[in-house]
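Spelled out from the first residue to the last, the chains are:
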Amino acid sequence: MGRNREHARVAVITGASAGVGRATARLLARRGIAIALLARGRTGLDAAAEEVRAAGSRALPVEVDMAEYDQVVAAGQRIEAELGPIDLWINDAFSSVFAPFQQTRPEEFRRAMEVTYLGYVHGTRVALHHMAPRDRGTIVQVGSALAYRGIPLQATYCGAKHAIVGFTEALRCELMHDRSNVKVTMVQLPALNTPQFDWLLSRLPRHAQPVPPIYEPAVAARAIVGAADRPGRREYWVGISTALTILGNRIAPGLLDRYLARTGYDSQQAERPADRDRPVNLWQPADGPRGRDYGARGSFGGRSHRHSPQAWLSRHRLVTAAGLTGAAVGVLAWRRH
C-alpha cells in the first residue's frame, strides 16, 4: 500500500480463516480492498469471505496448504486472474505444538516448520514473482515477540518465528541491493486472544493459554494494516509486553532463561484440565467441511485488552526505545530479587 494506494488494491492474507488473519481481513474489507483469503479450512474461509462481501468488498476464498509450494503458486495465479494485480501480501498462516521439545515428535516438528516457516517463504516467493516485474507491492510478515525470545513449551513456534526474521532480513538486503520498490516489513505481536489455544496440538496437562497481558486480534489487525500503509520501516512492535520482551532479551538473556525456566510452564497453562477430545489442526484444518467457524477471537475475551499504546509508541519510537530499555533493566533487576 503506501505508494501503491493509487494502483489496483488487491490484498492476499494467508491464515485468513480465523484469528489475526480473519480480523485483518475485516479491517481491510472496510477500505474496499479486494481480498484473497488463503487457508485450509473451508468453513472458516467461507465465513470470512461472507464478512468481506458484507463490508462491500470482493472476496476470493482459496483452500491452500501453505506448506505445499505448488498450491501457493496456483493460488497466486488464480488471484491475479480473478482479482487483479496483487498489491499487498500478508503472511500469517501457522501451526505449532504445545509441548516440551523432547515430547514433540520429529514429524510434528517438521510439519510445524513447513507450515509456519516455509509457508512464509512460499508466500513471499509467489508474491515477489508477481510484484517484482511491476516494481511495486508490499509484503507484511506477521511475527511475534517470540521471534526474538524463545520460551519453554513452544520450541516449534519459536524456531519458526526466529527463522522468519533471518529470512526476511536477508531478503530485505537483496531488495535494497536491487533498488526494488517492493517493500517488506515485519510486525511482532504480543499474546493474543485467538482460537489457536483451542486447536493446536498440545501435550500439556492443562489447557494452553496466552501469557498475559493478552490483546484482542483487532489490536494486531490495526498494527498489520498500519505496517502495510508504512512499509518503509523494517519492523513494528505491538504492545508493551513485546517491547519489553525483545529489549529485555537483548540486555540480559541469561536472566530471562532462568526466569522462564521457573515460570514458563505454569504461565502458559490455564487452571482447567486439557480437553483430550479437542480438535488438532496440525495435519488437518480444525474448521474443515464439517467443522465449526472459529472466527477471530478465542476464549480469553474476559482477560483481553482491546487497545494498545502501539500507535503512540510507533510515532515516538526513538524516545520510547530509550525509555523501554530502562524499564526492561528495572524489571529484570526486580525479577532477580
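Trainee: What am I meant to see in helix H4 (residues 106-131) here?
Mentor: For an α-helix the count is 3.6 residues per turn, leaving residues at separations of three or four pointing the same way. Across its 26 residues, H4 extends 36 Å between first and last C-alpha, which sits within 8% of the 38 Å expected from 1.5 Å per residue. The largest bend in H4 comes to about 40°, at Leu 118.

Trainee: What should I look at first to understand the environment of Tyr 236 in this one?
Mentor: Within the fold, Tyr 236 resides in strand S12 (residues 235-237). By relative accessible area, which is 3% here, Tyr 236 ends up buried. The sequence separation of Tyr 236 and Met 186 amounts to 50 residues, and the corresponding C-alpha distance is 6.2 Å.

Trainee: Got a minute to help me understand the sheet that holds strand S1 (residues 10-14) in this structure?
Mentor: Pairing between the strands of a sheet is mediated by backbone hydrogen bonds and can be parallel or antiparallel. The strand order S3-S2-S1-S4-S6-S7-S12 describes an open sheet built from 7 strands, whose pairing is parallel. Both edges of this open sheet fall to strand S3 (59-63) and S12, since each of them pairs with a single strand only. Adjacent strand axes in the sheet meet at a mean angle of 15° when their direction is disregarded. Direction of pairing for S1 relative to strand S2 (residues 34-39): parallel, over a ladder of 5 bridges. Pairing of Val 10 across the sheet is with Ala 34, part of S2. Helix H7 (residues 217-229) rests against strand S4 (88-91), strand S6 (138-144), strand S7 (183-189) and S12 of the sheet, and its axis sits at about 160° to S7. With respect to the sheet, helix H8 (residues 240-251) is in contact with S7 and S12, its orientation differing from that of S12 by roughly 110°.

Trainee: Looking at this model, I keep getting lost on the packing of aromatic side chains. Mind explaining?
Mentor: We describe a pair of aromatic rings using the distance from one ring centre to the other and the angle between the two ring planes. Across all of its chains, the model carries 6 aromatic pairs by this definition. Pairing Phe 101 with Phe 109 gives two aromatic rings, centres 5.8 Å apart and planes at 90°, and the pair type is edge-to-face. Residue Phe 101 is classed as exposed on the basis of its relative accessible area of 54%. Note on Tyr 117 and Phe 167: the rings are 6.5 Å apart at their centroids and 80° apart in plane angle, and the pair reads as edge-to-face. Taken as a pair, Tyr 117 in helix H4 and Phe 167 in helix H5 (residues 155-177) lie far apart in primary sequence, 50 residues in all. With relative accessibility at 22%, the residue Tyr 117 sits in the partly exposed group.

Trainee: How should helix H2 (residues 42-54) be read in this particular structure?
Mentor: If you check H2, its first and last C-alpha atoms are 18 Å apart, about what 13 residues at 1.5 Å a residue would give, namely 18 Å. Here the buried face of H2 lies against helix H1 (19-29), S2 and S3. Directly beyond the C-terminal end of H2, a positive phi value near 95° is found at Gly 56.

Trainee: Sorry if this is basic, but what is going on with the sheet that holds strand S8 (residues 191-192) here?
Mentor: Read from one edge to the other, the open sheet built from 3 strands follows the order S8-S11-S14, with strand pairing classed as parallel. In this open sheet, the two edge strands, each paired with only one partner strand, are S8 and strand S14 (304-305). Two elements, S8 and strand S11 (residues 214-215), share 2 bridges in a ladder whose sense is parallel. Along S11, the bridge assignment pairs Ala 191 with Ile 214.

Trainee: Which parts of the structure should I look at to understand the nonpolar core?
Mentor: The nonpolar side chains of a soluble globular protein tend to be buried with one another. Core analysis: the largest hydrophobic core is formed by 35 residues, its most contacted members being Leu 28, Ile 35, Leu 37, Ile 90, Val 187 and Leu 189. Elements supplying a minimum of two residues to this core: S1, H1, S2, H2, S4, S6, S7 and H7. Considering every element that reaches this core, the biggest residue donor is H7, with 7 residues. Counting residues in hydrophobic clusters, the runner-up holds 25 residues, among them Ala 34, Leu 60, Leu 128 and Val 184.

Conventions adopted
Residues numbered from 1 in each chain as written. Predicted model: local features only at pLDDT ≥ 70, side-chain atom pairs only at ≥ 80, totals over all residues. Heavy atoms only, no water. Helix = DSSP H or I, 4+ residues; strand = E, 2+ residues; numbered from the N terminus. Expected span 1.5 Å × (residues − 1). Bend = angle between axes of the 7 residues up to and from the residue. Buried < 20%, exposed > 50% of the residue type's maximum accessible area, 1.4 Å probe, protein only. Pairing = 2+ DSSP bridges. Axes fitted to C-alpha atoms, helices over the stretch in contact; angles between N-to-C directions. Contact = heavy atoms within 4.5 Å. Phe/Tyr/Trp six-rings, centres within 6.5 Å; stacked < 30°, edge-to-face > 60°. Core = buried A, V, L, I, M, F, W, Y, C linked by side-chain atoms within 4.5 Å.

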